[in-house]
Structure formats: C-alpha cells, structure tokens
Amino acid sequence: MSTKPANVSCELCLSRKFSLFNEVSAEHLCHLSDNKSFISHKKGQILFYEGTRPLGLFCINTGSIKIYKTASNGKEQIVRLAKGGDFVGYANLLGEEQYSCSATILEDASVCFIPKESFMHLLTQDSNLSRKLMKAACHEIGEMEAKLTDSTQKSVRERLAQTLLMLKDTYGIDGGESVKIDIALSREDLANIVGTATETLIRLLSEFKSDGLIEMDGKKIKVLNAKGLAKLADFYG
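Keep in mind that this is a model prediction, so the values were computed, not measured.

**Student:** Explain the UniProt feature "domain: HTH crp-type" (unreviewed entry) in the protein to me, please; I cannot follow it from the model alone.
**Tutor:** Per the UniProt entry, the sites bearing "domain: HTH crp-type" (unreviewed entry) are residues 154–227 in this numbering. The distance from the first to the last C-alpha atom of residues 154–227 is 18 Å, and the span holds 53% helix and 19% strand.

**Student:** It is not clear to me how the environment of Thr196 should be interpreted in this structure. Could you clarify?
**Tutor:** With respect to the secondary-structure elements, Thr196 resides in the loop between helix H6 (187–194) and helix H7 (198–210). With relative accessibility at 10%, the residue Thr196 sits in the buried group. Between the C-alpha atom of Thr196 and that of Arg157, which follows or precedes it by 39 residues, the distance is 9.9 Å. Excluding residues within four positions of it along the chain, Thr196 makes contact with Lys75, Val156, Ala191 and Leu201.

**Student:** Is there a simple way to think about empty space enclosed by the protein in this case?
**Tutor:** Empty space among the atoms can be located by rolling a probe the size of a water molecule over them. Counted under the stated rule, the structure contains two cavities of 30 Å³ or more. Within this model, the largest cavity holds a volume of roughly 110 Å³. When residues of the lining of the largest cavity are traced back to their parent elements, those giving at least two are strand S3 (56–70) and strand S6 (102–115). Considered as a void within the structure, the second largest cavity measures approximately 70 Å³ in volume. Around the second largest cavity, the lining residues are Leu164, Leu167, Ile181, Ile183, Leu185, Arg187, Leu190, Lys219, Lys220 and Ile221. Looking at the lining of the second largest cavity residue by residue, the classes come out as seven nonpolar, no polar and three charged.

**Student:** Is there a simple way to think about the state of the cysteines in this case?
**Tutor:** Structurally, a disulfide amounts to a covalent bond that connects the sulfur atoms of two cysteines. Across all of its chains, the model carries zero disulfides by this definition. No disulfide involves Cys101; its sulfur sits 17 Å from that of Cys138, the nearest cysteine.

**Student:** Would you mind going over the nonpolar core with me for this structure?
**Tutor:** Judged by nonpolar contacts, the single largest core of 28 residues is most densely connected at Leu81, Leu160 and Leu229. Of all the secondary structure elements, the ones that give two or more residues to this core are strand S4 (76–82), helix H5 (156–171), H6, H7, strand S10 (220–223) and helix H8 (226–232). A total of six residues in this core trace back to one element, the largest contributor, which is H5. Once you skip the residues sitting within four places of it in the chain, Leu160 turns out to touch Leu190, Val194, Leu201, Leu204, Leu205 and Phe208. Core analysis: the next-biggest nonpolar cluster, separate from the first, contains 19 residues, Val24, Phe38, Phe87 and Phe119 among them.

**Student:** Teacher, can you tell me more about the packing of H5 against H7 here?
**Tutor:** Geometry of a packed helix pair, given as the angle between the helix axes and the separation of the axes. The contact between H5 and H7 brings their axes to 11 Å, and the two run at 70°. Relative to H7, the element H5 is oriented roughly perpendicular. Residue-level contacts link Val156, Arg157, Leu160, Ala161 and Leu164 of H5 to Thr200, Leu201, Leu204, Leu205, Glu207 and Phe208 of H7. Split into classes, the residues belonging to the contact of H5 with H7 amount to eight nonpolar, one polar and two charged.

**Student:** Help me understand the pattern of salt bridges in this model?
**Tutor:** Oppositely charged side chains are able to pair whenever their charged atoms sit close together. Per the stated rule, a full pass over the model turns up eleven salt bridges. The partner of Lys116 in a salt bridge is Glu96, and the shortest N-O contact between them spans 4.0 Å. Taken together, the residues span a long stretch of sequence, with Lys116 in helix H3 (residues 116–125) and Glu96 in the loop between helix H2 (90–94) and S6 at a distance of 20 residues. A residue is classified by how much of its surface remains accessible, and Lys116, at 26% relative accessible area, is partly exposed. With a shortest N-O distance of 2.6 Å, Lys220 and Asp182 are connected by a salt bridge. Remark: Asp182 occurs in the loop between strand S8 (179–181) and H6 and Lys220 occurs in strand S10; sequence separation between them is 38 residues. Of the residues examined, Asp182 reaches a relative accessible area of 30% and is grouped as partly exposed. Connected through shared salt-bridge partners, Lys66, Glu76 and Asp189 make up one network.

**Student:** Explain unusual backbone geometry here, please?
**Tutor:** What is expected of a backbone is that most residues other than glycine have negative phi and most peptide bonds are trans. The backbone phi angle of Glu96 is positive, close to 50°, even though this residue is not glycine. Overall, Glu96 belongs to the exposed group, its relative accessible area being 56%.

**Student:** For this particular structure, what's the right way to read the environment of Lys42?
**Tutor:** Looking at the element boundaries, Lys42 is found in the loop between strand S1 (37–41) and strand S2 (46–48). Under the relative-accessibility criterion, Lys42 is labelled partly exposed at 48%.

What counts as what
- Residues numbered from 1 in each chain as written.
- Predicted model: local features only at pLDDT ≥ 70, side-chain atom pairs only at ≥ 80, totals over all residues.
- Heavy atoms only, no water.
- UniProt positions renumbered as here; feature names shortened; annotations may be inferred.
- Helix = DSSP H or I, 4+ residues; strand = E, 2+ residues; numbered from the N terminus.
- Buried < 20%, exposed > 50% of the residue type's maximum accessible area, 1.4 Å probe, protein only.
- Contact = heavy atoms within 4.5 Å.
- 1 Å grid on protein atoms, 1.4 Å probe; cavity = no way out; pocket = protein on both sides within 12 Å on 5 of 7 lines; lining within 4 Å.
- Points joined across faces, edges and corners; volume = space filled by probe spheres on them.
- Nonpolar A, V, L, I, M, F, W, Y, C, P; charged D, E, K, R; others polar.
- Disulfide = S-S within 2.5 Å.
- Core = buried A, V, L, I, M, F, W, Y, C linked by side-chain atoms within 4.5 Å.
- Axes fitted to C-alpha atoms, helices over the stretch in contact; angles between N-to-C directions.
- Parallel < 35°, antiparallel > 145°, perpendicular 65-115°, else oblique.
- Salt bridge = Lys/Arg side-chain N within 4 Å of Asp/Glu carboxyl O.

Structure, rendered in structure tokens:
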C-alpha cells in the first residue's frame, strides 16, 4: 500500500543533483514543492499502466523502478530501469500520448508526483530545462534503437555481458577487486532485460561464474572481470 509521508522539498532533495532539476532556480523549485505529492511505494506496486494517460510527471527520490512492455503472451520486456533522480513517463506526458510502457516498483521507493499543469508551467518559464528534456528524450530514443539492433544482431551471451556492464556502471559498489551490482533483480527480471528465457539466463550466469567473470552474492551479482565482459560483449569489435 502506498503511503504519503511528510513532504521533502525540492530544494533539499538529495537526488536533485542527479536529476534534470539540478539547475532549476530556487523560485521554481519552491513552486514545484508547493504543488507536488511525495509518496512512498512498496516493492511490486504499479506506478502506472501501459495505455493509460499521463496526469503528471514522476520523479524518483529513492528506490528503483522497472519500465516494461507486456507482450500478448504476458511476458515482460524490460525497457529500462530508473533510480533516484530519474524522471519517469515524461516523454508521453510531453507528447500528450498514452503511456507506451508500464512501471512497477522494483525496490521500495519514494516518488514525487508533479501535476501536469505545474510541470508544463515550469517548462514555459525555464528554457534550459526544456532543452535538457529534449536532449534526454532523444538520448532515450537512441538507446531504444540501439537495444533493438542488439536484440537482432547480438547473441544472448553478448547481450547478458553488455547488460551486466550497464548494471555495474549504474548500480555498482566498488569492493576492491570486484564491483557488486547493488540492485535486487530477480533472475526473471534480468532475463527480461536481456530478452531471453529465465532458464537460459541461469545457465549463462553459471558459465560466466565458471569463467571467473562474475560471482554470486546471494541474489546479487559481483563483477570480477569487467574487461572480460566487455570483450565478450563485443565492445571492441
């Protein structure tokens, strides 16, 4: 069940420095704080469904969220993961379109919801933010195109190596000789990111472990040989 804790002002938000709001003026931040909602969500809760219409912008304070599409057979394809400081659903909001994906809480999260009117008012007042949003949207489109190309041109083994490197760079905690991927992804979720069957993913993870590329730390994964994964992902041609 979602709960509405005491509001965290945008000016004091620790995640703001990682977000597109990092250069917004104090005056505009105050306006956002006065109009937004700050809600805590538990793991597994739905943030929004594919096909529904956006009513505002979601900005993640803490936790993580998976954005995914659901096939006709019910299988998920995870498009991306979002963490503290990330915006979710803004492209559909700006395009005045229905959500093209669904979003579910992956790890307990605190999320700010900014009503559409307040967000659009900010964009009319802050041209720099508008430019940053356009750049971010173009970057997302480029990433999706690259992922689509990889799904047809790269093997499952290459895609898994590439995904592990992406997760290391985004969620990695340096442990000396190893880097722990500090996000609680189920094997099914990881398979849905890579675009393969869970059984295939488990088999490949076991092979990666035998090859000394990774090791398991409970449900989490430690990267032991990033260069080996990069070579396997065909980063060097």
